[in-house]
Every structure is written in C-alpha cells, then in structure tokens.
Amino acid sequence: MDFFSARELVTQTGYAVDMWPLVIINELVDNAIDACEEADVPPTITVLADAAGITIADNGPGLPESTIEGILDFNVRTSSREMYVALDRGAQGNAGKCLVAMPYVIDPEHGRLVIVAKGIEHAIVCKVDAITQQPLVDHRTRHVTDEGGTTVRMEWAPSKDADGKAIWPFGADCFPETKGSMLRPSIRDLAMVLFTGYATFNPHLSLSVRWFGERLKFAATNLTWEKWKPNKPTSPHWYELRHLERLAGCYIALDRQRDEDRTVAAFLAEFDGLTGSAKRKLVTDETGLDRTKLSELADQSGFKRDVMARLLASMQKHSRPIKPPRLGTIGKDHFCTRFEQLGCEADKLQYAKRANIDNGLPYVVESAFAWYGEQGEGRRRVLLAGANWSPRIANPFRSFGSSGEGLDTILSEQRATADKPIVFAIHAAHPRIEYTDRGKTALVLNSEEEGADDES
Amino acid sequence: MKASDITAVTKTVTKKWAKQIKREERNSRAALNRREYLYSDRVCQSDVAWPAIKKAYWKASSGGTLPAHARQIYYAAREEIRAATGREVDSKYFTQNLLPRCMNEHAETAGWLVAYDPRGNFIEPHTAKTLPIGTIAVAEYLDEIGAHESTDIAIESVALTYPTCGPTNRISAVLFIEKEGFHPLFKAVKLAERYDLAIMSTKGQSTVAARRLVDNLCAENGGIQLLVLHDFDKWGLSIAENLTEVSWQAEESNRVRYEFQNKINVIDLGLRLEDVKKWNLEAERVRFKGSVQSSATKEEREFLKSNRRVELNAFTSGDFIKWIEGKLKKHGIKKVVPDDAVLEQAYRRSLQGALVNAQIRALADEAQQAASEAKVPKNLAAKIRRGLSENSGRRWDQVLADMAEQWVEKNQD
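All values derive from a computational prediction rather than experimental measurement.

## Looking at the sheet that holds strand 1 (residues 44–50) of chain A
Within a sheet, each strand pairs with its neighbour through backbone hydrogen bonds, oriented either parallel or antiparallel.
Residue and element names in this part refer to chain A.
Move 1: Reading across from one edge, 5-4-3-6-2-1-9-10 is the order of the eight strands in this open sheet, with mixed pairing throughout. Either end of the sheet is taken by a strand with one partner, and the two such strands are strand 5 (135–143) and strand 10 (214–218). Taking each pair of neighbouring strands and ignoring which way they run, the sheet shows an average axis angle of 10°.
Move 2: Taken together, the five bridges between strand 2 (residues 53–57) and strand 6 (residues 150–155) define a ladder with antiparallel strand orientation. Bridge pairing in strand 6 places Thr55 opposite Arg153.
Move 3: The strands touched by helix 3 (residues 65–72) are strand 3 (112–117), strand 4 (120–128) and strand 5; relative to strand 4, the strand with the most contacts, the crossing angle is about 5°.

## Quick look at the domain arrangement of chain A
Residues and elements named next belong to chain A.
Move 1: Splitting chain A by domain gives domain 1 (6–218), domain 2 (236–317) and domain 3 (332–455).
Move 2: For domain 2 and domain 3, the distance between their C-alpha centres works out to 37 Å.
Move 3: Taken together, the contact pairs six residues of domain 2 with six residues of domain 3.
Move 4: Interface area for domain 2 against domain 3, summed over the two sides, is near 420 Å², with a carbon-plus-sulfur share of 47%.
Move 5: Counting the surface domain 2 buries against domain 3, the share from its top three residues, His237, Trp238 and His243, is 79%.
Move 6: The tally of links between domain 2 and domain 3 comes to one salt bridge.

## A closer look at the pattern of salt bridges
Move 1: A full pass over the atoms with the stated rule returns 39 salt bridges over all chains.
Move 2: Residue Arg309(B) pairs with Asp231(B) through a salt bridge whose shortest N-O separation is 3.3 Å. A residue pair is termed long-range when its members are at least 10 positions apart, and Arg309(B) in strand 10 (residues 308–309) and Asp231(B) in the loop between strand 7 (225–229) and helix 10 (236–244) qualify at 78 residues.
Move 3: Because the salt bridges share partners, they merge into one network encompassing Asp50(A), Arg112(A), Arg153(A) and Glu155(A).

## Some thoughts on unusual backbone geometry
All names here are of chain A.
Move 1: Of note in this structure, Phe212 is not a glycine but carries a positive phi near 55°.
Move 2: You can see Phe212 is positioned in the loop between strand 9 (206–211) and strand 10.
Move 3: Notably, Arg291 is not glycine yet its phi reads approximately 65°, a positive angle.
Move 4: Tracing the sequence through the fold places Arg291 in the loop between helix 8 (277–287) and strand 11 (298–299).

## Remarks on the sheet that holds strand 3 (residues 121–123) of chain B
All names here are of chain B.
Move 1: On the basis of which strands lie adjacent, the open sheet formed by six strands has the order 4-3-6-5-7-8 and mixed pairing. This sheet does not close on itself; its edge strands, each paired only once, are strand 4 (130–132) and strand 8 (266–268). Ignoring strand direction, the axes of neighbouring strands in this sheet form an average angle of 20°.
Move 2: In the sheet, strand 7 pairs with strand 8 via three bridges, with the strands oriented parallel. For Leu227, the partnering residue across the bridge sits in strand 8 and is Ile267.
Move 3: The sheet strands contacting helix 9 (residues 208–217) are strand 3, strand 6 (197–201) and strand 7, and the helix crosses strand 6 at an angle near 155°.
Move 4: Sheet contacts for helix 14 (residues 317–330): strand 5 (173–177), strand 6 and strand 7; angle to strand 7, the most-contacted strand, approximately 145°.

## Topic: the interface of chain B and chain A
Move 1: Contacts between the two partners involve 38 residues from chain B and, on the opposite side, 56 residues from chain A.
Move 2: For the pair chain B and chain A, the two sides together bury roughly 4400 Å², of which 59% comes from carbon and sulfur.
Move 3: The largest share of the area that chain B buries against chain A comes from Met1(B), Lys2(B) and Trp248(B), three residues that together contribute 20% of it.
Move 4: Summed over the shared surface of chain B and chain A, the result is six salt bridges.
Move 5: Lys323(A) serves as the salt-bridge partner of Glu245(B), at 2.1 Å between the closest nitrogen and oxygen.
Move 6: Inspection of the chain B/chain A interface yields 11 residue pairs in polar contact (both at pLDDT 80 or more).
Move 7: Tallying contributions element by element places helix 1 (residues 3–26) of chain B first for the side of chain B that touches chain A, with 19 residues.

## Considerations on the nonpolar core
Residue and element names in this part refer to chain A.
Move 1: Of all hydrophobic cores here, the largest spans 53 residues; its most connected members are Trp20, Trp168, Phe195, Leu207 and Trp211.
Move 2: Here this core takes nine residues from helix 2 (residues 20–38), the largest share from any one element.
Move 3: Formed by 50 residues, the second largest nonpolar core is a distinct cluster that contains Leu87, Leu294, Leu349 and Val382.

## Re the domain arrangement of chain B
Move 1: Domain assignment breaks chain B into domain 1 (3–38), domain 2 (45–113), domain 3 (121–330), domain 4 (342–373) and domain 5 (379–413).
Move 2: Taking the mean C-alpha position of each, domain 1 of chain B and domain 4 of chain B sit 86 Å from one another.

## A closer look at helix 14 of chain B
Each full turn of the α-helix corresponds to 3.6 residues, which orients residues three or four apart in the same direction.
All names here are of chain B.
Move 1: Along its 14 residues, helix 14 runs 20 Å from first to last C-alpha, staying within 8% of the 20 Å computed at 1.5 Å per residue.
Move 2: Along helix 14, the residues that are buried comprise Phe320, Ile321, Trp323, Ile324, Glu325, Lys327 and Leu328.
Move 3: Summarising the contacts, the buried residues of helix 14 are in contact with strand 5, helix 7 (183–188), helix 8 (191–195), strand 6, strand 7 and helix 12 (273–278).
Move 4: Just downstream of helix 14, Gly332 is the residue with a positive phi angle, here 70°.

## Details of the packing of aromatic side chains
Aromatic ring pairs are defined here through the distance separating the ring centres and the angle between the ring planes.
Move 1: The full count for this structure, using the stated rule, is 27 aromatic pairs over all chains.
Move 2: Ring geometry for Phe267(A) and Phe271(A): centres 5.4 Å apart, planes at 80°, overall edge-to-face.
Move 3: Judged by its relative accessible area of 0%, Phe267(A) falls in the buried class.
Move 4: Consider the rings of Phe320(B) and Trp323(B), whose centres lie 6.1 Å apart with planes at 20°: the pair is stacked. With Phe320(B) and Trp323(B) both in helix 14, this residue pair falls three residues apart, about one helical turn. Comparing Phe320(B) with Trp323(B) shows no difference in burial state: the two are buried.
Move 5: An aromatic cluster is built from Trp156(A), Trp168(A), Phe170(A), Phe195(A), Trp211(A) and Phe212(A), whose rings are joined through pairwise contacts.
Move 6: Sitting over the face of the ring of Trp228(A), Lys232(A) holds its NZ or CZ atom 4.7 Å from the ring centroid.
Move 7: In this arrangement the basic side chain of Lys234(B) is found over the ring face of Trp235(B), its NZ or CZ atom lying 4.9 Å from the centre.

Criteria and thresholds
- Residues numbered from 1 in each chain as written.
- Chains lettered and ligands numbered in written order.
- Predicted model: local features only at pLDDT ≥ 70, side-chain atom pairs only at ≥ 80, totals over all residues.
- Heavy atoms only, no water.
- Pairing = 2+ DSSP bridges.
- Helix = DSSP H or I, 4+ residues; strand = E, 2+ residues; numbered from the N terminus.
- Axes fitted to C-alpha atoms, helices over the stretch in contact; angles between N-to-C directions.
- Contact = heavy atoms within 4.5 Å.
- Domains from an automatic or database assignment.
- Buried area = accessible area lost by both parts, 1.4 Å probe.
- Salt bridge = Lys/Arg side-chain N within 4 Å of Asp/Glu carboxyl O.
- Polar contact = N/O pair within 3.5 Å; in protein donor to acceptor, adjacent residues only side chain to side chain.
- Core = buried A, V, L, I, M, F, W, Y, C linked by side-chain atoms within 4.5 Å.
- Buried < 20%, exposed > 50% of the residue type's maximum accessible area, 1.4 Å probe, protein only.
- Expected span 1.5 Å × (residues − 1).
- Phe/Tyr/Trp six-rings, centres within 6.5 Å; stacked < 30°, edge-to-face > 60°.
- Lys NZ or Arg CZ within 6 Å of the ring centre and 35° of its normal.

Below is the structure:
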C-alpha cells in the first residue's frame, strides 16, 4: 500500500500532487530516451498533452512484456537496474510502480495506464481491495498494429471549468494550458522548461510536443553523438563495497527465482574492463574465487565482507578507471544551437566545462549562459539544470553542503536572477549521482576543494 | 562530484554579465554600453596563430628544407601574433599549446619536422649506445632499425658475436625511469647487461619522442615489455599512463602531439605506498595541489593529500637494486635467449667467423711481415693533404687507407 494514496505517492515521488504532470513527463521521457540509446537508435520522442491525459511515444525497441509484468508486481519493490552504479537517466527503481498507481490516485473511477509495445496494447487499471488493502491489478491486453517503439498514455476523465478551460485532476490550480507569472510559473511553463532541458542536454534527441494547441519542436543536432550508454558495462571503480553487495544480492535473488546460481566469474563479466576471460581469471585467481558461486559469498548473516572487499579491490586493480571524456560531453556547438532557438544571441554564448575525477569517480560539468539581447527586455530567466542528460523539475544544485550555499546563491551574486532576460544551463554527467531526496531536488556534492581541468 | 566545479563553471559563464550588471547598479547609464561590454573585440591569440605559424615554420626551416626547433618557430611567429592581438605570446603556451594545436588542425603540416629539446637518454645494452630522446635522434634511430639486415660476415669483420640492431634477439624489456641520476648505479651493478634491459629516461614527463620510441618498441602485439619506475607522488602515478597513451586532457583541448599506433605492453613497477612501508622509506614534504590519479587506493590518496611524497632517491643504493630486481623477477624479466632457428644460424655464423679468424691470423702474420718490409711513400703528409684538399669531407686516415689499398693492388702479383 505504499503507492495507492496521494500522501504515499507524494512521499515516493518527492513532489506535491499538482507537480505530478511533470513527474510523469520526467520519468517517461527518461525511460524512453534510455531505451532508444540501449538499442543504438537516435531517440525521437513525441509528447501529447490533452484534457484526458499525457502520452509519450518513442522509436525504441518496444517495452518487453517481462518489464511490464515486473512493474505490476507490487511484491517486488525495486527494479534490478537501480542496483547498478551507472549513468542512466532514471534509476529510481520504483518509478514504474508510481506511474501504475498514479491514475487510480488522481481519478479512482476512470484513471488507467495504457502501454502499446510490440503489437500489444496493455490497458492497466489498478485499484485497492477495500477489505485486504491489497492492490488489484486489472491488466487487459489486445493485439494492435505494431508501429514500433513504445507509447505510454496516462489517462483520466476529461473535465472543464465554468469557462470551458480544461482542468487536470492534479489539484484545483493546475490549469494545464495557462501561462503563469514570474513568481508562480504554471505547470505549462514548467513543462516547457523541462522539454527545453531535454533538448538542450541531448544533442541526438528529436523532440516534438503538442501541449493542447501549442506546438514545440526540437530537431537533433548530432545523430551520432556519443555518450556512456545506460546499458554499457559499469566500471568496478564506480562501486563501493555497499554498492557491490547490493548488486550481488540482487543477482543472487534473481538466480534463485530462476533456479540458477551463477559463478563469480560470470558476475565479473558484467563489468567494464573485466569482460575478457583472461582478466576475469586474474581476479578469480587472486581472490581464490575460481569456480566459486556468487551465492557462496553470502551466508545467512549477509555477505562475507572481507571476501567482498578483496573481490572489489581485485576488480579495481585489474580494470582501468574510466576517464571523464568517455562519459560524453554536450559541447558548446549544441548549446549554441539550442540557445539560438530560445531567442538568445547564441554566437556570443559563454560556455565552460570542468572534467574531473573525485574519489575515483569521473565526471563532467558543463555550463552555458547567454543574454536575450536588447529585444529580450521583459523576458525572464530560463534556468535549465540537469544530471546525466535528464533535466530536473527543480534545480538539483540547490545546496553545496554544510554552508547552505547553492546554485541560487551564486546566480544571485552573479546578478543572474530570475527576473533577468538570460538563459543559464548547467549539466553534470556522473556515474553515481546521489540525491538527498526522492524528488531529486538536491544532489549530494563534495564541498572539499581540489583542482580540475577547465575549458572555457 | 565537487561543489567547487559547479561554482567554477557558473562563475565563469556569468562573469562578464555580473560585472556589467554591477556597473549598471552603480551607474544607470552603463546599461547603454551593455552590448559593448559583454561582447568585447579582444582578439584571441589562437584565432590568428595559424597564418603566423605557417610563415614562421617556412622561415625557420629555410623553406621547409631543414628541421626547425619549436622555439625557432616561436621567435619567427611572435611579432606577427603580437601585432594582431596587441599582446605578447608566452613561449611555453606557444610551443606546448598553439603550435601543436595548429599542427593537429592543418593536414599540410604532416611533413613538417618540428624539433623539441631532447630530454633524457635511451641506452642499449652491450653496445652501450646512448640515444638522446629528441625528435631527430629518435627518428634516425628508428630509421636505422628499419633498414638493418643481418648480413654475412665481412672478411674485415672478425667479431663472432651475433649482430643485432634494436630490441630483436637482444633486449628483454625497456626499463623507463623518471630520473636521470641512477645510470652510474645501474652501470656499476650491470643491471642492463644482467637482464638485457634497455634503460630509458626523460627529465620529468615523457616527450613526443619518448612516446614514439615506446610506441615502436613496446607494442602489445609483438613488442617488448615496457617497465616503468617512478616516485610515489601525484606525477609519478600518472607517468606510465602518460608515456603509453594520449591523455584525455590533451584530447579534450586538442593538444595531442603524438597519436599512439599501438597498445603498449606496459607494467608499472613504480613506487607505491606498500613499498614505502615495506622498505621503511622516508617521505618528504611537498605542497599537494590538484587531484590524484584514480588508480591510487584510498590510503594512498590520503597519504599524498597530506602533503607528502616519497622519491626513488629515498632508497639506499643496495636496497634500490634489490627492490628493482625483486620486481623484475616477479614479472619474469630474464636474459634473452633467441629461438632455435636464430641460435642455429648464429652458431654456424660464429663457427664460420672462427674459421675465418684462424686463416686471418695466419694471413695477418704474412701481411705484417710484408708491411714492415714495404717502403713508406715519400712526402706522405703532403700527399694526404692533397687528398684532403680534393675532398674536405674525408678524414686523414681514410685517405691513408686508400693509399694502402692502391699499394696492395699494385704489388699483389
């Protein structure tokens, strides 16, 4: 029952109900782009918002049925993907379950989730058994024409106010097509910033949005853009002991379900730098784990920590650390194109990049800034902030540690406040993005001072 | 991820804006100049460097006929760059940044021979041949290796040892050391000879020439092993990597001066914290700045960040050799013994040489007798001077040798 009331979903998502349209967009677009990248397809995403729902369609390989079944199994709390220390956009393991439960919470009578993939339409209606308080999942399928990709639609009953304007069921103030003010941006305004963020942080993305009557379109600027893909093997150097234990635990649980028991060597093959058998043998010989089953690394009281620590140390010793540029950079040219589309004088854009390694973890931070010019007087600041190529609903760089200082403080010192006619973007690529909250509104940052490689 | 990096990029991109808005806050008329202030007309040195460098290389290399030193090109280009930008170009920035970047960006520079100062030496075992690690010297050495063939024994040559050139059948591995001062010690203990090691060094970080040499000799596929010895400090930890692959920082800023053709067969034997503890080596104080190579363990990182480093010099000579030999044995570095086919050829060749030598010795006695009885030409010095005046590039003993040859031809019958 962690998902079937507004209060519980607010806790799970980290956002109040009126912000949920943005949560839906953020999660579904993240997953859509990740799926396309995993299939080596430049993503083409279409978003449609109307009175009765939000639809996100992609050109990926199509969501497998097993994934849909996994999302609908409320006995399993998180997905295995969350266990990896990887550069994917999503990685909130229970996001799928939140999206399945959300239609029921916002519209118990008519709410439903419709997924079309691989020629099958899945109509999913979740309710709660009033007696047992257990989720009741009504999952109906029918064959439809396979048009490729995946389409996900969150549906509710359409309704209008006295003036005939569409109202969404996310709270009284949530008029989807209304433009807001500087002090109180509307959902529409925030969604437009979110879409712009996706287009700004993803040079390979073609994005088309229909927001009631309004259209927004971004063409990809680089279809062959290279970055660290979500399904690429992860580096042992990105793991601490607790992460490795979590991942190993996940595999052991999965093997039990399948009546399998993989070896440590097979587990090692999952990691960057250890996919070759010679390297794996070096690790298993060094740790004495040749032909050992992964499950033997744990007993009833948990993992054998000394063995796991030796294993991790050996994995790190025999694999090369990943250098920051391999994560991928967005680049000044792409920022210029996007900022120009926003009406800035992009040829005068200011751009800076810092590539660094902190505690063995590589990362790249990029930032761009431009003024709208004299013509833009009266416009207000657009702030695009994101991590791992996903824009965040709220600025995730809001706090830098114990000092309480954050990005807003610095922007304020730099006179780049919300009332100024400017566009400011900041993006960080990092294999172990950690947030202090479920809403991903505050990144965990290291306030310790050290040098880096700067390019501006 | 460091908060300081978020702060740094934010301040960098908003710097001009912040300055201008603060001016406007002090003086509202300043708003009229916002455009001029934000978008200055300052000319970037990199924007005007290429035409200047092109001309400068032509001048410094005498129309492309001779190699030109990077600093010679700098002197030839700096005036034009100063005229275009109004600012003096820094020599280090020019030679290490502007020049390599322009050469990477313009294909027509492919045939340019730009020299940088030699830094360090490469010493062959047995021949004791010392190669300065400089652009030209390395190019010539590699050409020599490429052109070498094992030819039949010449009658004049009575050496019974097997002739080699370069690593084939001779060198077990290249031992790279980041310091120069250990060569007398290595010589005293015959380290190179006892393990058939080529010893190589550079002063500090590796040069383009050092990388080229390593690339050609120590390729993973068919080359010999490269062993790297270094201090335990932040620079030392990155030496093996910098010597064997292009750094991502250079790639990012397009400063790559040498592209590796091969994956390098490298073993990092450098000093690590566990060696420091085991050999009870003393650390020295050094101000730590920047970041540590990610291959360092957490404990090593903490050690280095506490403003300490340990140099190879901290070893006593005896311990240093013991330590190195321990590492060499651990990695199976042994004296070279060629394969059976080469050994058979070498044996037959030596036998042939020994037989020839026996006859040469007999002939030599006769020749010595004949030579002692022969008359020395009159005015020998004048004849040699005449020979030298006909060809001043020759040496006196070459002219003398010609005269001896002529005498033999004349008196043979």
